[in-house]
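Each chain is listed here by its residues.
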Protein chains: 2
Amino acid sequence: MTTEIQPSPRRATSADVARKAGFSRSTVSQILNGEDARFPAATRDKVMAAAAALDYRPSRAGRALVTGLSDIVVVVVPNATYGPHLQDSVDRVTNASATAGMSVVVRFAAPDDEGTLLSMLDLRPAAVVDMGVFTQAQRARLTAAGTRVVPNRTPLNPGEDLDPVDILIGRLQVAELLRTGVRRLVYAALEDGRLDPFGPPRFEGITREASARGLPTPLSVRVPLEARGALAVLEPLVVDDSPLGVCCYNDDVAIALLSAARTIGLAVPQQLALVGVDRTDVGQLISPRLSTVSIDQPALMDTMMRELAEPRGGRGEPAPSLLQADLAALVQVVRGETS
Amino acid sequence: MTTEIQPSPRRATSADVARKAGFSRSTVSQILNGEDARFPAATRDKVMAAAAALDYRPSRAGRALVTGLSDIVVVVVPNATYGPHLQDSVDRVTNASATAGMSVVVRFAAPDDEGTLLSMLDLRPAAVVDMGVFTQAQRARLTAAGTRVVPNRTPLNPGEDLDPVDILIGRLQVAELLRTGVRRLVYAALEDGRLDPFGPPRFEGITREASARGLPTPLSVRVPLEARGALAVLEPLVVDDSPLGVCCYNDDVAIALLSAARTIGLAVPQQLALVGVDRTDVGQLISPRLSTVSIDQPALMDTMMRELAEPRGGRGEPAPSLLQADLAALVQVVRGETS
DNA sequence: ACGTGTCAGTAACACGTGACAGCTACGGTA
DNA sequence: TACCGTAGCTGTCACGTGTTACTGACACGT
């Protein structure tokens, strides 16, 4: 360590503020932390002015040390192929947390990865926004460690780990396909080295809706995102003339199948109907325009953030946060020309 | 199950390790921090065993408080439309940092945003991986605060803030277009509310290559990602029969222009040649297949990580990290049928 | 004058760590 | 025996914060 850089402009501490304001450090601390009712306005103003003049911001390390919690909000994103709306979502969290003086950071994680959980426990963030990584049990461990976890999804059946949003997506896809007279259904997941946390709940939704309409459990296939591979998956599915309906994991998968259908001369949507997820821009630029399920991620995030802003000691019921009624507004079918 | 977890499963501290090993806390601290040469093997082993048995991991807060630096590595990503390879890139950073016991987090930021910089200074991360957010001056402030910044891009001309990677991308696009006999060039940026940090260096690369080939500075337009808007941008560009070549900001922009070209019956690539960036899967699935510049993000990241792993007191020259020779292997044209 | 209550503010502690000076015992040397 | 160097380890400080128990002063009622 030869290059010991000194020009680091030492940050003002609460002691500096206290000295400048002419009070003790504890007084400063209490006033800055909202216990200002105890002190007269004159004192309060002096302290605030001194803090502002020195551009005082409390040291995260010091605060974390004494409270046991950092002021970091971690957004945990599954390391699957996430839709294109990630940045919009994170923006919402960032804005919502900025008012509370929290820093937002994103962490990609393999689903159900224990290492990720340990890392979270280690970091002791003030809150974790879980975009589909942890199981209920893992969430409980975080909560036990004093970390707030959103969304606080209350599963329909206890112990069930299926996200109601994804279930609804599956149901909507099936409903849209059946609208056109399709009688055979297939679920097309993404062929990818990484795991897919959204697959199971979506497939569950597809199965439920199919069952409700008197159809058997659909077949599930995995589609790679290149022409030859997609073709190899699609071809064996075409066994007779009955129109086939495919619920695709996302718009990219739908486009891959669309490309394959064109190669073997399959008419879309007459012989093959497709529904994607995410309403990507490209999906609306190609022809035929893609039918897809659009998710209002920013609004969904805002809902979560409202939950985050709730007072800590959440007495009574913890506000089910995502009512079915809300969901219908946030998840909608965009009808293109492929279904 | 109802795992009755204690409200706070207090993490083992170095004092616990010391008690268990039968030595003082300072001994533990020194041994665990690599000063083990001073101690006999027997002592060292006992301490290590105790630490392992208690699953001791030092408190980030405590360490940060005394060292003044946290052990967080922040990847700062511009809040522009980033390519689809973000997660792969971040994975590389995560793996590289895991060995050093660091946590990686991602932060989206508006380009040149002062608030983001303040947040960084506040967080005092051990290192910042800058994916194109900060200016040279801002990087210098981070360095002065003791934070390591990678990549340590040494600009060709002092004070120049243009990323050589993006410049190369622009040159390659022009070279590919000119190969087909195009004589008129246009740069198509993305019409988006967010700023675009990659635009200027790419346009610079395009301009330089055009100039080197005896062409004037190309026109620059902004393309929205929907059919009507793209059409409105493309139409006025078609003034005569001379073939038009468009360097697109990314594959999505290229697809939008492709769609517009089809609408007005423009032959691709005879009348309109396109080159995208990012080699998205969808770009290779549509027809005609997209010509595009592929960037080996993971490899690029590995290069940066090697820089991160370098010893702190970087004596001598700071290793220019990105030689032109390396670049040629990392950034390559993928020829489709649109150019 | 005395006890009581309130207000305004403070001293002291705890959090967990790294750095460094210093202590003890022991063996060697004068 | 007296002195000294050193290996091996420990004591203590500092980092910046939030919290709690406490103090001094003053007002009030008896």
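Rules used throughout
Residues numbered from 1 in each chain as written. Chains lettered and ligands numbered in written order. Predicted model: local features only at pLDDT ≥ 70, side-chain atom pairs only at ≥ 80, totals over all residues. Heavy atoms only, no water. Contact = heavy atoms within 4.5 Å. Buried area = accessible area lost by both parts, 1.4 Å probe. Polar contact = N/O pair within 3.5 Å; in protein donor to acceptor, adjacent residues only side chain to side chain. Helix = DSSP H or I, 4+ residues; strand = E, 2+ residues; numbered from the N terminus. Nonpolar A, V, L, I, M, F, W, Y, C, P; charged D, E, K, R; others polar. Near = heavy atom within 4 Å. Buried < 20%, exposed > 50% of the residue type's maximum accessible area, 1.4 Å probe, protein only.

- Chain A is annotated in an unreviewed UniProt entry as Transcriptional regulator, LacI family from Herbiconiux ginsengi.

## Some remarks on the interface of chain A and chain B
As a measure of interface size, the accessible area lost when the parts come together is often cited.
And step 1. The interface of chain A with chain B comprises 51 residues on the first partner and 54 residues on the second.
And step 2. Taken as a group, A:Gln87, A:Phe108 and A:Leu285 account for 16% of the area that chain A buries against chain B, more than any other trio of residues on that side.
And step 3. Where chain A packs against chain B, one counts 3 residue pairs in polar contact (both at pLDDT 80 or more).
And step 4. When residues of the side of chain A that touches chain B are traced back to their parent elements, those giving at least two are helix 4 (60-67), strand 1 (72-78), helix 5 (86-98), strand 2 (103-109), helix 6 (114-123), helix 7 (136-144), helix 11 (251-263) and helix 12 (281-285) of chain A.
And step 5. Partitioning the side of chain A that touches chain B into residue classes produces 27 nonpolar, 12 polar and 12 charged.

## Here we look at the protein's contact with DNA strand C
And step 1. For DNA strand C, the set of nearby residues contains 25 residues, the closest of which are A:Thr27, A:Arg38, B:Ser14, B:Arg25 and B:Tyr56.
And step 2. The protein-proximal atoms of DNA strand C, defined as those within 4 Å of the protein, are 55% sugar or phosphate.
And step 3. Take B:Arg25: an N or O atom from its side chain is 2.7 Å from a base oxygen of DNA strand C.
And step 4. Elements represented by at least two residues in the surface near DNA strand C include exactly helix 2 (25-32) and helix 4 of chain A together with helix 2 (25-32) and helix 4 (60-67) of chain B.
And step 5. For the surface near DNA strand C, the per-class residue count stands at 9 nonpolar, 13 polar and 3 charged.

## Describing unusual backbone geometry
And step 1. Note that the residue after A:Ser287, namely A:Pro288, is joined by a cis bond; omega there is 0 degrees.
And step 2. Relative to the helices and strands, A:Pro288 resides in the loop between helix 12 and strand 9 (292-295).
And step 3. Unusually for a residue other than glycine, A:Asp278 sits at a positive phi of about 115 degrees.
And step 4. Along the chain, A:Asp278 turns up in the loop between strand 8 (272-277) and helix 12.
And step 5. Notably, B:Asp55 is not glycine yet its phi reads approximately 55 degrees, a positive angle.
And step 6. With respect to the secondary-structure elements, B:Asp55 resides in the loop between helix 3 (41-53) and helix 4.
And step 7. Here B:Asp55 falls in the partly exposed class, since its relative accessible area comes to 46%.

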